Every structure is written in structure tokens, then in C-alpha cells.
Amino acid sequence: MSLEFNRRSFLKYSAAAAVAVAGSSLLVGCGEDEYQKTGKIGSTLKLMGAFKLESAKLDSAPTATAADKTLTCNFSLKCTSKYGLNIVPANFQVEVTSKATKKVTTYHAYNTDGTGGVTLTKSNNYLKKDESLETELKVTNIKVADGDTIQVKFWPRPQASEGSQAYTRAFCTWKMTVEKDSSGNLIVK
């Protein structure tokens, strides 16, 4: 057996290595993005911390119209980042995708268009490493119907430092669907 490494061998092994590298890049789309975690109600998502959407429910006043609903989400948030995390309503955004029209309506802390805004029961919190927070997120005047999809998004660091977009692409998303229960009330699952 010869250990000779000539030009032909070099080209053959280089081509094989190039195919292997190109093929491995195709597999990146198969897994979850390490900066964009997704889950459902009850899921703990880990990204600069351990964030759990404990429960979610839709409430409405006895004389409520379709837009008078309130979405309430209970969160358990724990910081694991050595730099700490500031938790404010601006960390959250809620998107409702209509089953009927496919239109997406976005709710956030700074809504000025008459749609509901996002608030937290504990609204200005700084979590040091290994500190936890239990808080309730509310979205008032949310318009939902049977079959709509709701996504609750949470950015641990919504403000990127030094003009970098590194942190703004890192977020957690909990997905849920609006359904009618046996009494005709809208619930989330």
C-alpha cells in the first residue's frame, strides 16, 4: 500500500471534502435554530435563561364583543445570563393570525393604533444571574376567533448593544390555537 499523495489524490479528496461540507450545510434547516426557541403552553424555553409559559387563558366581559377579549399569560422567568436581564413589557409581542383572512395583527407595549397593549403585573424588573420572576402578561382588547393562531414572543434582550443585531434575532415563541369549548367560549390550547 502506497502512501503517495499526488495531485490526482489531492483533487479527489478535496472534491469529497467539498461535497461533505456542502451537504452538511443543508442539514442546518432540519433542527431548531439555537437563537429562536419555540414551544407551546407549559413549555420551558432556554435562551439566556429558563422561561416558562405556565398557562394562558382568554377572558371576556359578559357583554364582550369580539375585540373585548383579554389574553392572560402566566410566566415563570429565570435569568441564567451572567450579565442579567431587564424584564419589561417591551420584551414581549403577541401576534394573532386570523384563520379566515391570514392577516396578522401585532400587539405590543407601544401600540398606538387603538388595538390592545401588552402589560405585565410586575413591569420593571432587573434579574441578576439565577434570580427568578413570576409575572402575568396581559393583552387587552385582543381580537380573536375560533381557529386563529396566537404567538407570544419574548426577547430576553430586545435592545441590541453597539448597533449589533445579534440579540434582536434571539427570542422565544410560544404558539397556541384558539378553539371553542363545549359551552361556546373561546379558549387557547
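That block above? That's the structure.
For clarity, every value in this text was computed on a predicted model and none was experimentally measured.

What counts and what doesn't
- Residues numbered from 1 in each chain as written.
- Predicted model: local features only at pLDDT ≥ 70, side-chain atom pairs only at ≥ 80, totals over all residues.
- Heavy atoms only, no water.
- Pairing = 2+ DSSP bridges.
- Helix = DSSP H or I, 4+ residues; strand = E, 2+ residues; numbered from the N terminus.
- Axes fitted to C-alpha atoms, helices over the stretch in contact; angles between N-to-C directions.
- Core = buried A, V, L, I, M, F, W, Y, C linked by side-chain atoms within 4.5 Å.
- Buried < 20%, exposed > 50% of the residue type's maximum accessible area, 1.4 Å probe, protein only.
- Contact = heavy atoms within 4.5 Å.
- Salt bridge = Lys/Arg side-chain N within 4 Å of Asp/Glu carboxyl O.
- Phe/Tyr/Trp six-rings, centres within 6.5 Å; stacked < 30°, edge-to-face > 60°.

Notes on the sheet that holds strand S3 (residues 49-60)
- Spatial ordering of the open sheet is given by S2-S3-S4-S10-S8, a layout of five strands whose pairing is antiparallel. Each edge of the sheet is formed by a strand with only one pairing partner; in this case those strands are strand S2 (44-46) and strand S8 (118-120). Each strand axis lies, on average, 25° off the axis of its neighbour in the sheet, ignoring direction.
- Note: strand S4 (residues 69-79) against strand S10 (residues 132-142), nine bridges, orientation antiparallel.

Quick look at the nonpolar core
- In this structure, Leu71, Phe92, Val94, Ile150 and Val152 are the most contacted members of the largest nonpolar core, which totals 35 residues.
- Ranked by residues supplied to this core, first place goes to S4 with five residues.
- Setting aside residues no more than four positions away along its own chain, isoleucine 150 makes contact with Leu71, Val94, Glu95, Val96, Val144, Trp174, Lys175, Met176, Val178 and Val188.

A few points about the pattern of salt bridges
- Within the structure shown, the criterion is met by three salt bridges.
- Between glutamate 95 and lysine 153 there is a salt bridge, with the nearest N and O atoms lying 3.6 Å from each other. Here glutamate 95, found in strand S6 (residues 92-97), pairs with lysine 153, found in strand S11 (residues 149-154); they are 58 residues apart in sequence, far enough to count as distant. Residue glutamate 95 shares its accessibility class with lysine 153, and that shared class is buried.
- Close ionic contact of lysine 138 with glutamate 136 constitutes a salt bridge, the shortest N to O distance being 4.0 Å.
- Residue class for lysine 138 comes out partly exposed when judged on its relative accessible area of 30%.

Here's the deal with the packing of aromatic side chains
- Inspection of every chain in the model, using the stated rule, returns five aromatic pairs.
- Look at phenylalanine 75 and phenylalanine 92: their rings are 5.2 Å apart centre to centre, the planes differ by 50°, and that puts the pair in the tilted class. Of this pair, phenylalanine 75 sits in strand S4 while phenylalanine 92 sits in strand S6, and the two are 17 residues apart along the sequence.
- The exposure class of phenylalanine 92 is buried, given its relative accessible area of 1%.
- For the pair phenylalanine 92 and phenylalanine 154, a centre-to-centre distance of 4.9 Å together with 40° between the ring planes defines the contact as tilted. In this pair, phenylalanine 92 sits in strand S6 while phenylalanine 154 sits in strand S11, placing the two residues 62 residues apart along the sequence.

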